[in-house]
Amino acid sequence: MVFRFFYTIVFLFICIGSFSQELAKKPLSIDDFATWNRIVNPQISNNGKYIVYEQNPLKGDGGLHIVSGSSEHLIPRGSNAKIGSENDVLVFRIKQPVDSIRKAKQAKVKKEEMPKDSLGIYLLKDEKLFTYPGVKSYKLADENADWIAFMLEAGKEKNDSVKKSAKEKSLGDEMTLFNINTGDTVCIENVTEYLWAKEGSALIYVQQQKDSIRTNSKLSVFNTTSGKSSELFSDEGWIKKAVIDESGEQTAFLFSKDTIDEKIYALYYSHEGNTPVEIVNETTRGVPIGWSPGEHGNISFSPDGMKLYLGTAPSPVPEPKDTLLDEDKPKLDIWNWKDIKLQPQQLLEADKEKKRTYLAVYQLEDSRFVQLADLLIPDVARIQKGDADVALGSSNLSYQREASWTGVNLRNYYLLDLKSGIKREILKEKFSAGLSPQGKYIVWWDSSDSSYYCKSTQIDNLEIVSLTKNVPVSFYDEWNDQPMDARPYGIAGWGEDDRYVYIYDRYDIWRLDPTGEKVPVCVTKTFGRRNTTRLRYVKLDKELDYIPSTQTILLSAIDERTMSVGYFNTKLNSVKDPGLLVMDKYRYADVVKAKEADKIIWTKENVSTFPNIWCSNTDFEHVKKISDGNPQQDKFIWPEVELVEWTSFAGEKLKGLLYKPENLNESAKYPMMVYYYERNSELRYNYMRPRASRSTINISFYTSNGYLVFVPDITYKIGYPGQSAYNSVVSGTQYLINKYPFVDQDHIGLQGQSWGGYQTAWLITQTDMFAAAMAGAPVSNMTSAYGGIRWGSGMSRMFQYEHTQSRIGGNLWDKPLLYIENSPVFYAPKVKTPLLMMHNDNDGAVPWYQGIEMFVALRRLDKPVWLLNYNGQPHNLAEGSWANRVDLSKRMFQFFNHYLKGKPAPEWMEKGIPAIDKGKSLGYN
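Residues numbered from 1 in each chain as written. Predicted model: local features only at pLDDT ≥ 70, side-chain atom pairs only at ≥ 80, totals over all residues. Heavy atoms only, no water.

Chemist: Help me understand the overall build of the protein chain in this model?
Modeler: When its secondary structure is counted, the protein chain shows 15 helices and 55 strands. Here the C-alpha atoms of the protein chain give a radius of gyration of 32 Å, agreeing with the 29 Å that 2.2 N^0.38 yields for 925 residues. Put simply, the protein chain has 925 residues, and 51% of those count as buried. Partitioning the contacts of the protein chain with sequence separation of at least 6, the portion at a separation of at least 24 is 55%. Counting only carbon and sulfur atoms, one obtains 50% of the accessible surface of the protein chain, whose full area is about 44100 Å². Separation between the mean location of the 112 positive side-chain charges and that of the 116 negative ones in the protein chain comes to 4 Å. (Helix = DSSP H or I, 4+ residues; strand = E, 2+ residues; numbered from the N terminus. Rg over C-alpha atoms; globule rule 2.2 N^0.38 Å. Buried < 20%, exposed > 50% of the residue type's maximum accessible area, 1.4 Å probe, protein only. Contact = heavy atoms within 4.5 Å. Areas by Shrake-Rupley, 256 points an atom, 1.4 Å probe, with all protein chains shown as cover. Lys, Arg positive; Asp, Glu negative; His and termini not counted. Charge placed at Lys NZ, Arg CZ, Asp CG, Glu CD.)

See the structure below:
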């Protein structure tokens, strides 16, 4: 009996041990990144019955999920879905399997012969799926969507037959119209473009065919009630930009008979199916001399159908025949000091400028053309989606040259009368301004005194009203620490009929009278300020152009003390404080409301909770979890996060985040990574999805593999960005060393990208606290970087140093010592920390020679330094550059494992990879 009891106990211990091993969590590996899912494009049907979302791994095939009540349907590889307005159909693409695409690429299949996506049409009520191979595009009407229109790729047989036919060639593809209610289809050949009327009553489409002599174009309208098409227009020439109004009664398009490339177009118009007539051409009254309707401009009807908008531009002129050989032409750019924009910026924007058009309107009621934008006032902002008779013009032409060193986009503003075309200047040299929804007022921010101002758009009322100057709170960014005027928190919206404008301070929303007659009122009852919680209006009805004062509205909220993110509700005319709906140790976000039901979808996340989709009513009641994106997470060691606070060396109270493995043993020692940018403590409840790096460490991956990760907030003193980073980062790191015995103070690493990369490079010149550092795209020499170009935009880098992130606060010749003092390369001899850098040769933000300067300096000084240059890659590795991202993840991890965990150095660190072995050896071993 004793022996039996003994063996029973032993057996139980063995079973428990085996069970514990099965339950033991494992660290994440880089291979696990590929299988981690993302949830994208979540939608809810208008009636709230159906919820649709994509769930895709980072690498591989995903699927489209359709959820209704307790049932769920999965369509493998479904993507880019759209729910029909009548809640009865789902239209989407079905991607080709990733393996099929890969095999085709390996077989060097031509681009035009690569496997094509299919179209999926899923009838929600009948749960019936239709598929069509080779989809090019599809469209549904916004309302009353009883039909689906889609275009398919021409099959190989059709392409071959077209090639053999010398007489006539189709310029379009086959369009299919699918009836959602009956399943019937209508096929139409040679379609080049098509567009639904918003109300779903009609579809307009263009057909074009070309032979050896001429091009024939035809415009037709498909009536969804009769199921038949009627021809509107047919002629020899080119039709482009065909549009139809919301009701389906009016159509318009551009047409040209020209056979040369530089075609001059005219605007045609048709009402209620009548033969289209030419209404705007080069000779139309009001069209600038030498101008015509531009083929690159957008054409649209106003929602009320009373106005037809178009873009005009100087008419194209045929290029003279070029008789010179390419070798006989000089190739150069001429930089002129009088240029408004630098040559690199001009070259980047050249194509856009060639295609630039200027907004004009044709008043349909009185058949009058009015040119709105022009060379002096190139930008026009409409209100009421174009229904209004006024618009706001603006021009930054006077300030473009100085913007390259100020970084401020100042503008002059003009009130435009859309009926007469009269333009009246109403503001000069302002940072931002906007019209009220009804066009009664213009509101602007004045940086000189950090206040909002307002005035009537009536000609006889010149009074300027100070909206916020006498309100006892600040409406500008209170945390601004850049050498520039602080930006405002912004405008929440307007009340009905422009009676009030609602403006944000740091925490609350204020109701302000644009006439200045009524006293400002904090409609959130200073609840935000009293509770250190930022409240912001959430617009659930995208069609509403004002904030209703008597209806309950939704407010997003972030508690600056705990960094929790949630939602409140309130009524703007209520005497009560905003009511708490949901706020906990999570981040709630991305609310979308069903158009016709009291249902919303949203996400909920924290560091260990994947942001799945949840559903509830608008009070966040009757909550239901919809998705389960990554159930495999339970198998892995995951981080926990703690909000820490300390006093910096500059005497400021700062916050930061300390990420720890969930299985932390407080009696052990852990290496720690320190990652930063500027302020990151608001990310306390963000989920850190495991993924291959584009430039920075992955926090979930590092903590899962036995690292601590510290993310300190950084505040700055103008002129001393480097020292400011030191005061914040080093003080926070020392605080953690003193507070937590499990922090291994001898094995702490630094990592930052871009501005964080600069701070990393600078910190290792000032302290030996860190055992290893990785700097992505760092500025190492501010004196040379100051005069460089941001190749992504073509702009000078001067403004960054004088007014924005780099925070020097002056130009190079006025403050040369500050540029030198804040440049890591001048302190290269002091560096004792091994440094890994990534700086790519197609970096459009920080010129890659900045990384080179630091590398060659440290190399000459015999300091351990490595530079990774991913060929042709931008500032951060491209999202789709999977191999590069995995490679960077591996090399960073090997680098830090060597210096912080004592792992053997890989071959690429020990010996390097000779250029003759490029592409043959990766040197991971």
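Chemist: Any chance you could explain the packing of helix H8 (residues 721–739) against helix H9 (residues 755–763) here in plain terms?
Modeler: For any two helices packed against each other, one specifies the inter-axial angle together with the distance between the axes. Where H8 meets H9, the axes come as close as 9 Å, and the angle between the chain directions of the two elements is 85°. Taken as axis vectors, H8 and H9 run roughly perpendicular relative to one another. Judged by residue contacts, Pro721, Gly722, Gln723, Ala725, Tyr726, Val729 and Val730 of H8 engage Trp755, Tyr758, Gln759, Trp762 and Leu763 from H9. Split into classes, the residues belonging to the contact of H8 with H9 amount to 9 nonpolar, 3 polar and no charged. (Axes fitted to C-alpha atoms, helices over the stretch in contact; angles between N-to-C directions. Parallel < 35°, antiparallel > 145°, perpendicular 65-115°, else oblique. Nonpolar A, V, L, I, M, F, W, Y, C, P; charged D, E, K, R; others polar.)

Chemist: What am I meant to see in the sheet that holds strand E28 (residues 411–417) here?
Modeler: The pairing of strands in a sheet happens through backbone hydrogen bonds and is either parallel or antiparallel. Spatially, 4 strands are ordered E26-E27-E28-E29 in an open sheet, and the strand pairing comes out antiparallel. Of all strands in the sheet, those with a lone pairing partner are strand E26 (379–382) and strand E29 (423–430), marking the two edges. Strand-to-strand twist across the sheet, computed as the mean angle between neighbouring axes with direction ignored, equals 25°. Sheet topology note: the E28/E29 ladder contains 5 bridges and is antiparallel. Across the sheet, residue arginine 411 finds its bridge partner in E29, namely lysine 430. (Pairing = 2+ DSSP bridges.)

Chemist: What's the story with the pattern of salt bridges in this structure? I'm lost.
Modeler: Pairing of side chains with opposite charge becomes possible as their charged atoms draw close. Overall, the coordinates contain 41 salt bridges when judged by the stated rule. When the shortest N-O distance is used, the salt bridge between glutamate 231 and lysine 218 registers 3.9 Å. With a gap of 13 residues between them, glutamate 231 in strand E16 (residues 228–236) and lysine 218 in strand E15 (residues 215–223) connect regions that are remote in the sequence. Where lysine 469 meets aspartate 449, a salt bridge forms, and the shortest distance between an N and an O atom there is 3.8 Å. With lysine 469 in the loop between strand E33 (464–466) and strand E34 (491–494) and aspartate 449 in the loop between strand E31 (441–446) and strand E32 (451–456), this pair connects stretches of sequence that are 20 residues apart. We classify aspartate 449 as partly exposed; its relative accessible area is 27%. Through salt bridges with shared partners, a single network forms among Glu478, Asp505, Arg506, Arg529, Arg534, Glu560 and Glu682. (Salt bridge = Lys/Arg side-chain N within 4 Å of Asp/Glu carboxyl O.)

Chemist: Just to check I follow, could you spell out the packing of aromatic side chains for this structure?
Modeler: Each aromatic ring pair is described using two quantities: the centre-to-centre distance and the angle formed by the ring planes. Inspection of every chain in the model, using the stated rule, returns 43 aromatic pairs. Taking 4.8 Å as the distance between ring centres and 45° as the angle between the ring planes, the aromatic pair formed by tyrosine 132 and phenylalanine 150 counts as tilted. Separated by 18 residues along the polypeptide, tyrosine 132 in strand E8 (residues 128–133) and phenylalanine 150 in strand E10 (residues 147–152) bring together distant segments of the chain. Residue tyrosine 132 is classed as buried on the basis of its relative accessible area of 19%. Relative to tyrosine 801, the ring of tyrosine 786 lies with its centre 6.2 Å away and its plane at 65°, an arrangement referred to as edge-to-face. With a gap of 15 residues between them, tyrosine 786 in helix H10 (residues 782–786) and tyrosine 801 in helix H11 (residues 798–802) connect regions that are remote in the sequence. Both residues of the pair, tyrosine 786 and tyrosine 801, belong to the buried class. Chaining the aromatic ring pairs together yields one cluster made of Tyr567, Tyr586, Tyr588, Trp602, Trp614 and Phe620. (Phe/Tyr/Trp six-rings, centres within 6.5 Å; stacked < 30°, edge-to-face > 60°.)

Chemist: What is the right way to look at the side chain of serine 806 in this model?
Modeler: On the secondary structure map, serine 806 appears in the loop between H11 and helix H12 (816–821). Judged by relative accessible area, which is 5%, serine 806 ranks as buried. Non-local contacts of serine 806, meaning those with residues more than four positions away in its chain, are made with Pro721, Trp755, Met782, Gln800 and Tyr801.

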